Amino acid sequence: MRRKHLITIATSLVVSALGFTTAMADVLETIKERGTLIVGVKADYKPYGFLDPSGDVIGIEPDLAKDVADKLGVDVEYVPVVSSNRMQFLEQGKIDLMIATMTDRPDRREVVLIPDPNYYSSGTNILALKSLGLTKWEDLRGKPVCGIQGAFYNKATSQNYGAEIVAFKGTAEAYSALKAGNCAAFVYDDSAIVAKTNDPEWADYEMPLQTIDDAPWGLAVALGEDNFAQMMSDMIVDWHKTGRILELETKWGVENTPFAKAMHEEYK
Amino acid sequence: MDVIFEWFRVLYQETGINLPFLYDEYDRNRMVDGFLTTIRLSLVCLFFSVIIGVTGAWLQGSAFKWTRRIVNGYIQLFRNTPPLVQLYFFYFAIGTLLPRVENDWGGQSPILGSFAWAAISLSFFAGAFNVEIFRSGIEAVPRSTVEAAEALGFSKLQIYRDITLPLAFRVVLPALNNNLVNLVKTTTLAYAIAVPEMLYEANQIWSDNVNVTEMMIFLLLAYFVLVGVLVGAMNRWERAMKIPGYG
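Bear in mind that the values here come from a model prediction, so they are computed numbers and not experimental data.

Outline the nonpolar core, supporting the account with residue identities and numerical values.
One finds Leu37, Val68, Leu97, Phe228 and Met232 of chain A to be the most contacted residues of the largest nonpolar core, which totals 141 residues. At 14 residues, the largest contribution of residues to this core is made by helix 8 (residues 156-186) of chain B. Among the domains, domain 1 (31-119 + 218-267) and domain 2 (123-214) of chain A are the pair contributing at least three residues each to this core. Non-local contacts of phenylalanine 228 of chain A, meaning those with residues more than four positions away in its chain, are made with Val27, Leu28, Ile31, Leu37, Val68, Asp96, Leu97 and Val221 of chain A. Counting 15 residues, the second largest nonpolar core, distinct from the first, contains Ile38, Val79, Phe89 and Met98 of chain A.

I'd love a proper account of the sheet that holds strand 3 (residues 49-51) of chain A, names of residues and values included.
Residue and element names in this part refer to chain A. Taken together, three strands build an open sheet; the order of strands is 2-3-4 and the sheet is antiparallel. Looking along the sheet, the strands with just one partner apiece sit at the ends: strand 2 (44-45) and strand 4 (57-58). Relative to strand 3, strand 2 runs antiparallel, the two sharing two bridges. The residue of strand 3 that forms the bridge with aspartate 44 is phenylalanine 50.

Hey, could you go over a nonpolar patch on the surface for me, with residue numbers and the actual values?
On the surface, Met1, Val3 and Ile4 of chain B cluster together to form a nonpolar patch covering roughly 360 Å² of accessible area. Tracing the sequence through the fold places valine 3 of chain B in helix 1 (residues 2-15).

Please set out the confidence of the model for chain A residue by residue, giving values where relevant.
Looking at chain A, pLDDT values average 85 and 91% of them are 70 or higher. Across residues 18-24 of chain A, where pLDDT falls below 50, the model places three contacts with residues more than four positions away in sequence or in other chains.

Before we move on, can you summarise the state of the cysteines with the specific residues and values?
All names here are of chain A. The tally for this structure, following the rule as stated, stands at one disulfide over all chains. There is a disulfide in this structure between cysteine 146 and cysteine 183, and the S-S distance comes to 1.7 Å. Handedness of the cysteine 146-cysteine 183 disulfide follows from its S-S torsion of about 45°: it is right-handed. Residue cysteine 146 is located in strand 8 (residues 144-148), and its partner cysteine 183 is located in the loop between helix 7 (171-180) and strand 10 (185-189); the two are separated by 37 residues in the primary sequence. Judged by relative accessible area, which is 4%, cysteine 183 ranks as buried.

Outline the packing of aromatic side chains, supporting the account with residue identities and numerical values.
Scanning the entire structure with this criterion turns up 32 aromatic pairs over all chains. Relative to tryptophan 217 of chain A, the ring of tyrosine 120 of chain A lies with its centre 5.1 Å away and its plane at 45°, an arrangement referred to as tilted. Separated by 97 residues along the polypeptide, tyrosine 120 of chain A in strand 7 (residues 120-129) and tryptophan 217 of chain A in strand 12 (residues 212-217) bring together distant segments of the chain. Here the two residues tyrosine 120 of chain A and tryptophan 217 of chain A agree in accessibility, since each one is buried. Ring plane angle 65° and centroid distance 5.7 Å describe the contact between phenylalanine 89 of chain B and phenylalanine 90 of chain B, whose orientation is recorded as edge-to-face. When its relative accessible area of 45% is taken as the criterion, phenylalanine 89 of chain B is described as partly exposed. Among the aromatic residues, those joined into a ring-pair cluster are Tyr45, Tyr48, Tyr119, Tyr120, Tyr175, Phe186, Tyr188, Trp202, Tyr205 and Trp217 of chain A. Directly above the aromatic system of tryptophan 202 of chain A lies the positively charged group of lysine 179 of chain A, at a separation of 4.4 Å from the ring centroid. Over the ring of tryptophan 66 of chain B we find arginine 69 of chain B; its NZ or CZ atom is 4.9 Å from the centre of that ring.

So what's going on with the side chain of serine 233 of chain A? Residues and values would help.
With respect to the helices and strands, the residue serine 233 of chain A is situated in helix 9 (residues 226-242). Non-local contacts of serine 233 of chain A, meaning those with residues more than four positions away in its chain, are made with Pro115, Asp116 and Pro117 of chain A.

I'd love a proper account of the UniProt feature "domain: Solute-binding protein family 3/N-terminal" (unreviewed entry) in chain A, names of residues and values included.
Per the UniProt annotation, the sites labelled "domain: Solute-binding protein family 3/N-terminal" (unreviewed entry) are residues 36-256 of chain A. Split by type, residues 36-256 of chain A is 34% helix and 25% strand. Its first and last C-alpha atoms lie 31 Å apart.

Could you give me a rundown of a positive patch on the surface, with the residues and numbers involved?
All names here are of chain B. Where like charges cluster on the molecular surface, the positive patch consists of Lys65, Arg68, Arg69 and Lys156. Here the positive patch takes three residues from helix 4 (residues 65-79), the largest share from any one element. Tracing the sequence through the fold places arginine 68 in helix 4.

Describe the interface of chain B and chain A, naming the residues involved and giving the relevant values.
Counting from both sides, the interface comprises 29 residues of chain B and, opposite them, 31 residues of chain A. The largest share of the area that chain B buries against chain A comes from Tyr26, Trp105 and Val210 of chain B, three residues that together contribute 28% of it. Among the ionic pairs, lysine 155 of chain A bridges to aspartate 24 of chain B, the shortest N-O distance being 3.9 Å. Seen at the junction of chain B and chain A, the total is nine residue pairs in polar contact (both at pLDDT 80 or more). When contributions to the side of chain B that touches chain A are tallied by element, the ones reaching two or more residues are helix 3 (25-60), helix 5 (83-97), strand 2 (108-110) and helix 9 (198-209) of chain B. Among the elements that line the side of chain B that touches chain A, the one with the most residues is helix 9 of chain B, at six residues.

Basis of the calculations
Residues numbered from 1 in each chain as written. Chains lettered and ligands numbered in written order. Predicted model: local features only at pLDDT ≥ 70, side-chain atom pairs only at ≥ 80, totals over all residues. Heavy atoms only, no water. Core = buried A, V, L, I, M, F, W, Y, C linked by side-chain atoms within 4.5 Å. Buried < 20%, exposed > 50% of the residue type's maximum accessible area, 1.4 Å probe, protein only. Helix = DSSP H or I, 4+ residues; strand = E, 2+ residues; numbered from the N terminus. Domains from an automatic or database assignment. Contact = heavy atoms within 4.5 Å. Pairing = 2+ DSSP bridges. Patch = residues over 30% accessible without salt bridge, like charges linked within 9 Å, V, L, I, M, F, W, Y side chains within 5 Å. Areas by Shrake-Rupley, 256 points an atom, 1.4 Å probe, with all protein chains shown as cover. Salt bridge = Lys/Arg side-chain N within 4 Å of Asp/Glu carboxyl O. pLDDT = per-residue confidence, 0-100. Disulfide = S-S within 2.5 Å. Phe/Tyr/Trp six-rings, centres within 6.5 Å; stacked < 30°, edge-to-face > 60°. Lys NZ or Arg CZ within 6 Å of the ring centre and 35° of its normal. UniProt positions renumbered as here; feature names shortened; annotations may be inferred. Lys, Arg positive; Asp, Glu negative; His and termini not counted. Charge placed at Lys NZ, Arg CZ, Asp CG, Glu CD. Buried area = accessible area lost by both parts, 1.4 Å probe. Polar contact = N/O pair within 3.5 Å; in protein donor to acceptor, adjacent residues only side chain to side chain.

As structure tokens, then:
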């Protein structure tokens, strides 16, 4: 009797697993059936993805995600992700699309499908007290430097410049630790730091170093979703062509970046 | 040694099983540091939580009403709130309120760093449980034993130190064992305030190498071995303390 039960359970498991894989085969169908596009975005990365006072996710990347949903004719749902879990969310099918300030790197392309061309670009810099007078990356040697768990430049910053990385889960904790004096600096994307230095609350802080590792950002879909990736490629080209990225930068108070300008020139 | 390490690089190239903390020197040092930090944090917390447990249980029997009330308040506060919340509370709330000191790099930083706060908060957390564990042991000592000691003219402290506690210890060991095992596992929470212990370093490594599965398996085994050593030691101690005919 028990054995029979086991067989039934095993069979139903296999069947549901098979059903799962066929459902994965074309996510575009699933999205249209569901009527909602589920997008992983940052919720702590002003102005690219952050929370407004009422708790909604807003910013440049949610706006881009909305464009995709509009094109598909469905609603959009935002799932906040962080650097250390965003690729797993995509792999596990918790999100259909990820637009979450992710630097495009070859080893990531083995895990998720990143359509070309890139939609954005940024580099690495630090936020530090003006009074420390840091001028070059080597000044960080031996000092504790706050970071975000999962950021690829943590290793480079400690390996090449001898900084002791103190990595936190989210940016709120890292900023708080920097303010409390637990770290000499906070190593992060220059695009986010620029926004912070314009904030009156951070008037004593500066972005003193030369930006390094200027690297493109990639949005991503799950591996094997070639149709969706193709659609996203066309979409990104369109964003560059129409100047949508430049428009969103202006809307959210970022100075137009050289990358966005160059891409607009190239595709226009 | 290098041959073995290189074998793991080949293993990665051939099979895709990526264990960078074995073949990459930088990652290996990180993992070793993480392992040592976990052990250091565990030992510090084990020591202080037992001290808190023994002292707390003694104070619970105090003749002063307010001493008993404070001890009970402490137990309620630390036993009934999540350890992660306590860690954040100590590090981000209390830590920033404390006076600052001049640091090596010319800035002002809080007196206590993340390791110190993790040690304090986890010791208090496990200590609250330990007080109750020791109380259970003390209450298991027959009243007549204590009365006999009183009749012989022992002082209150002497009775606790030389009679009640040694007998209670044997009774509480299984429960204490449980709580200390839990404490070692709870040290993983310290990664939330950036204490570079094992989980934290593993997280850095899997973020750099996208090898979450391998690191998860490794972590599970590493903690299994670590806690196994503790349990082995505690069981030996339990056997060594055994009194024939008692408990």
